[in-house]
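# Working through the structure, step by step
Here's the letter readout for the chains.
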Amino acid sequence: YAAKTGAGGWARFVPAMDASAVEAARLAAGLRDGLGRGDFRVVYQPIVTLPEQRIAGVEALVRWHDPERGLIPPDRFIPVAERSGLIVPLGRWVLREACGQAAAWSAVYGGAAPSRVCVNVSPRQLDEPDFVDDVAAALADSGLPAEYLVVEVTETAVFGGGRAVEALHALRALGVRVALDDFGTGHSSLGLLLTCPVDILKVDKSFVDGVTEPGDRAVIVEFLCQVARGLELDTVAEGVEDAAQAARLHELGYRKGQGYLFARPLPAAELADLLLAALAPAAPQALSAAGAA
Ligand code: C2E
Ligand code: MG
Ligand code: MG
Ligand code: MG
């Protein structure tokens, strides 16, 4: 190519594309090996009520510890897992892990256990003919009541048509809840809220970031909350990092928040410590000391 196109942009562009394709292929191979070896873990980030900061739920977030490359963030490997189809077995594993963990917490901590476990589901999984059966099996095998499970889907996943909306209806018939994740960043058609079964709106961090300064983002955060409340949807503000944001979100009517202010995503054992602290009657603010991992 270099000889044919001379010193044009192409000569430099082609090798760069090859490099990222090679890297993606390497990641996909690594993912396959990692799945076989069990290099994945699930961490849990609390979702808390505003303003009490009681742990109402947790979001399950997958972590990949590659023996050679170390910790690889989901933003790097989830897209590769989706393109290669490996998200299907990986997602199935996360779902079973999260249901098992939630059932265990419920058995040990009773009413102090998170009453919802939220699991991210990619478009590729939603489009699998067996997806609803997989969810039903994960619930049956773990003993977790369907009402404890929330599937988080993005606007893009349900906008594409296919089997997605049908699958969500079937999940809801089982008693599973549906959350629209990263709301505001995708197609953001409000018509989606009419056609797609939704119980919870999670407003994306990029909007939450601007909630304390007067401006367009704050206007949208407020408007989305009014729409959600009018439709009787539960509301979660994502990526809450400071107390001023939490106070303002509560003022605007947000029911729940999730973010580093309350707690980072934690290994199951560390989340259990928080639940234990919440059980102790003397504990003043269970979450104020949280924040490792
Ligand atoms: P998400 O579903 O929107 O998850 C929330 C992300 O925001 C998490 O990133 C979480 O660690 C991060 N976060 C939470 N609070 C704060 C905050 O206060 N500040 C900042 N800066 N970040 C905060 P994480 O764990 O890196 O995951 C990134 C994305 O990867 C997730 O975004 C989700 O789309 C995807 N993902 C993670 N686990 C899974 C999974 O098991 N399956 C699928 N399909 N996707 C997953
Ligand atoms: Mg999510
Ligand atoms: Mg999100
Ligand atoms: Mg997000």
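In what follows, the structure referred to is the one given above.
Attention here is on the structure that accompanies the text. (Residues numbered from 1 in each chain as written. Chains lettered and ligands numbered in written order. Predicted model: local features only at pLDDT ≥ 70, side-chain atom pairs only at ≥ 80, totals over all residues. Heavy atoms only, no water.)

### A look at the nonpolar core
Spelled out, the test is: Nonpolar cores were defined as sets of buried Ala, Val, Leu, Ile, Met, Phe, Trp, Tyr and Cys residues, with membership established by side-chain atoms within 4.5 Å. Using a 1.4 Å probe on the protein chains alone, a residue whose accessible area is under 20% of its type maximum counts as buried, one over 50% counts as exposed, and one in between counts as partly exposed. The numbering of helices and of strands both runs from the N terminus, where a helix is a DSSP run of H or I of at least 4 residues and a strand a run of E of at least 2. Here, two residues are considered to be in contact whenever any of their heavy atoms come within 4.5 Å of each other.
With 83 residues, the main nonpolar core has Trp105 and Tyr254 as its most contacted residues. No other element matches the eleven residues that helix α4 (residues 87-109) contributes to this core. Beyond its immediate stretch of four places on either side in the chain, Trp105 contacts Tyr44, Val58, Gly110, Ala113, Pro114, Ala268, Leu271, Ala272 and Leu275.

### Focus: the packing of α4 against helix α6 (residues 131-142)
Two quantities define a packed helix pair, namely the angle between the axes and the distance from one axis to the other. Note the cut-off: Between N-to-C directions, angles cover 0 to 180 degrees, with each direction set by a line fitted to C-alpha atoms, over the stretch in contact for helices. Angles are sorted into four bins: roughly parallel if under 35 degrees, roughly antiparallel if over 145, roughly perpendicular if 65 to 115, and oblique for all others. By the definition used in this description, the sense in which the near helix is turned from the far one sets the handedness, with an anticlockwise turn below a right angle giving left-handed and a clockwise turn giving right-handed. The nonpolar class holds Ala, Val, Leu, Ile, Met, Phe, Trp, Tyr, Cys and Pro. Asp, Glu, Lys and Arg form the charged class, and all remaining residues, Gly among them, are polar.
It is the contact of α4 with α6, at a shortest axis distance of 9 Å, that shows an interaxial angle of 30 degrees. Taken together, α4 and α6 sit at an angle that is classed as roughly parallel. The way α4 lies across α6 gives a crossing that is right-handed. Of the residues in α6, those touching α4 at Arg92, Leu95, Arg96, Cys99, Gly100 and Ala103 are Asp134, Val135, Ala137, Ala138, Leu139, Asp141 and Ser142. Each residue belonging to the contact of α4 with α6 can be placed in one class, and the counts come to seven nonpolar, two polar and four charged.

### Let's talk about the packing of α6 against helix α8 (residues 164-174)
Packing of α6 against α8 leaves a shortest axis separation of 9 Å and a crossing angle of 25 degrees. Classed by the angle they form, the pair α6 and α8 counts as roughly parallel. Crossing of α6 against α8: the hand is right-handed. Of the residues in α8, those in contact with Phe131, Val132, Val135 and Ala136 of α6 are Ala167, Ala170, Leu171 and Leu174. Classifying every residue of the contact of α6 with α8 gives eight nonpolar, no polar and no charged.

### Looking at the coordination of the magnesium ion (ligand 2)
Put simply, the rule reads: Distances decide who is a donor: an N, O or S atom must be within 2.8 Å of the metal, or within 3.2 Å for Na, K and Ca. Water is not included, so sites may look incomplete.
Coordination sphere of the magnesium ion (ligand 2), protein contribution only: Glu59 (OE), Asn120 (OD1), Glu152 (OE) and Asp181 (OD), at 2.0 to 2.2 Å. Counting residues between consecutive donors of the magnesium ion (ligand 2) along the chain gives the motif E-x60-N-x31-E-x28-D. The magnesium ion (ligand 3) is placed at 3.6 Å from the magnesium ion (ligand 2), the two being bridged by Asp181. One end of the pair, Glu59, is in strand β2 (residues 55-66); the other, Asp181, is in strand β6 (residues 177-183), and 122 residues separate them in sequence. Neither residue differs from the other here; Glu59 and Asp181 are each classed as buried.

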